[in-house]
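Structural overview for review
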Amino acid sequence: MAVDVDALRSRIEGTVAAPGDHGYDEARMAWNLAVDQRPALVAIPHTAADVVAIVDFARERRLGVAPQGTGHNAAPLGSLEHAVLLKTSALREVEIDAPRRRARVGAGVLWAEVTAPASEHGLAPLAGSSPDVGVVGYTLGGGLSWLGRRHGLAANSVLAIEIVTADGRLVRTDRDNDPELFWALRGGGGSFGVVTAIEFVLYPAPEVYGGAMLWPWERAGEVLERYVEWCRTAPDTISTSARLLQVPPLEEIPEGIRGRNFVAIDGAYLGGPEAGAEVLAPLRALEPEIDMFGPIPAAALSHIHMDPEHPVPAYGDGMLLDELTPAAIDALVAAAGPGSGSPLLMVELRQLGGAFAVPPAEHGALAKVGGAFALFAVGMAPVPEAGAAIEAHVDVVLEAMDPWASGRRYLNFAERSADASSFFPEGTLRRLQALKAAIDPGDVFRANHPVTAAA
């Protein structure tokens, strides 16, 4: 392998780390520190040409290629013993075309690096709720944005994707060039190649009313019942989530919430403060202890969810839920609220409906996300021994909510291995499998939620 490593190093501008190298342990780390990735090699390309060389190198030696931006959802990826972990973190170019309302970014770009310059022009991408989630992985899996109930999935706002295929071709795919691949990449996951750059729509967002409201978690049942009722008639100009939160006692967390437990509602209204306040009035009538909703720049949308902005060891999983009844709310509170003994950091209900539920006229493999809510349960394990208890309680929550499950799952909220049939309707899955067989018959590419070639 030492000869092979030198051969690859001589072919690329980027860096390569092999087991035993000084930089290998740092290079192989995922954002989720609970995942112990041990690939045959870690390659960090600096250019698209580097990506082509890495893919050619791996294919010639019958090694897999696992593209990875940040590694937020790395747990389902499995063993990389016979694979090159291709980390796109150095591909960081960002181009904002304000007059045409579009952006083009490299595969290593984080959402915070797009939202800030776009916000200067009164524009916003359909970004994730965490500032350090990578644009590409989030988008390939669908993309639930704070503006998504108005504008739909991030995947369906993509204009073009630049990708290296298994045979070493660098392809720019869009609606007119290789449209079947373009369709698959928009919501079908990362099984089809290594994305090097992506181009997408930016939306007008001159005024945004966003933030969070928090109540003591002893009021969880009352607040969640009102929230679910409110969601039934909320306009699609607002996107929200409700969460059961157990805030850790960390010094970097503000004193007023540090080490306390809450039921929280956060989100954003696309419009001015008066109209936003009117929409939220039924929730504000519950008199939150802390109310942080107000006019914010679009760039601040990445921070209202208060997600960790640095790597952490985490265990989680999710599911899609149909309309929730009072019995469902009782079950959720019993599993993850006061008196439950839950070790979880958070259990979230992400509001769906609106444009998430309506396929646009032209769309990718993920046309819509059905159901009323996306549930996600997660805990942080500061020591490895805590991981088992967290995983077990994630199961407690999922089992408690199973009677209200929609029967389908969402790629970006699934942090355990799952069969592709749980993510896609049968016809969509067959089409994805046929494309995989056509463009990657040797199964070069490894994805956290793989689509396998049709038999």
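Heads up: these notes are all about the structure in this document.

This brings us to the sheet that holds strand β4 (residues 83–87). What the four strands build is an open sheet, ordered β1-β2-β4-β3; its pairing is mixed. Strands at the two margins of the open sheet, each flanked by one partner only, are β1 (15–17) and β3 (64–68). With direction set aside, neighbouring strand axes in the sheet form an average angle of 20°. Bridge analysis of β3 against β4 gives five bridges, and the strand direction is parallel. Counterpart to G64 in the pairing with β4 is A83. Each of β2 (41–44), β3 and β4 is contacted by helix α3 (residues 48–60), which is oriented at about 170° to β4, the strand it contacts most.

We now examine the pairing of strand β19 (residues 373–380). Successive residues of a regular strand alternate their side chains across the two faces of the sheet. Counting buried positions over the eight residues of β19 gives seven, a clear majority of the element. Across six bridges, the pairing between strand β18 (residues 346–351) and β19 is antiparallel. Looking at the pairing, L349 lines up with L375 of β19.

Tallying each qualifying case throughout the model produces 34 salt bridges. Of the charged contacts in the structure, one is a salt bridge between E60 and R11, with a shortest N-O distance of 3.7 Å. Residue E60 is located in helix α3, and its partner R11 is located in the loop between α1 (2–9) and β1; the two are separated by 49 residues in the primary sequence. On the basis of relative accessibility, which here comes to 48%, the residue E60 falls in the partly exposed class. Between R219 and E222 there is a salt bridge, with the nearest N and O atoms lying 3.0 Å from each other. By relative accessible area, which is 24% here, R219 ends up partly exposed. Look at the salt bridges and you will find they share partners, linking E93, E95, R102, R104, E162, R172 and E199 into a network.

With that settled, consider the nonpolar core. By size, the foremost hydrophobic cluster in this structure holds 80 residues, and its most contacted members are F192 and F200. Sorting elements by how many residues they give to this core places α3 first, with seven residues. Discounting residues that sit within four places of it in the chain, F200 has contacts with R101, R102, A103, V105, W111, V114, P125, V135, S157, V158 and L159. Membership of the second largest hydrophobic core comes to 47 residues, among which are W230, M319, V394 and V397.

Cut-offs applied
Residues numbered from 1 in each chain as written. Predicted model: local features only at pLDDT ≥ 70, side-chain atom pairs only at ≥ 80, totals over all residues. Heavy atoms only, no water. Pairing = 2+ DSSP bridges. Helix = DSSP H or I, 4+ residues; strand = E, 2+ residues; numbered from the N terminus. Axes fitted to C-alpha atoms, helices over the stretch in contact; angles between N-to-C directions. Contact = heavy atoms within 4.5 Å. Buried < 20%, exposed > 50% of the residue type's maximum accessible area, 1.4 Å probe, protein only. Salt bridge = Lys/Arg side-chain N within 4 Å of Asp/Glu carboxyl O. Core = buried A, V, L, I, M, F, W, Y, C linked by side-chain atoms within 4.5 Å.

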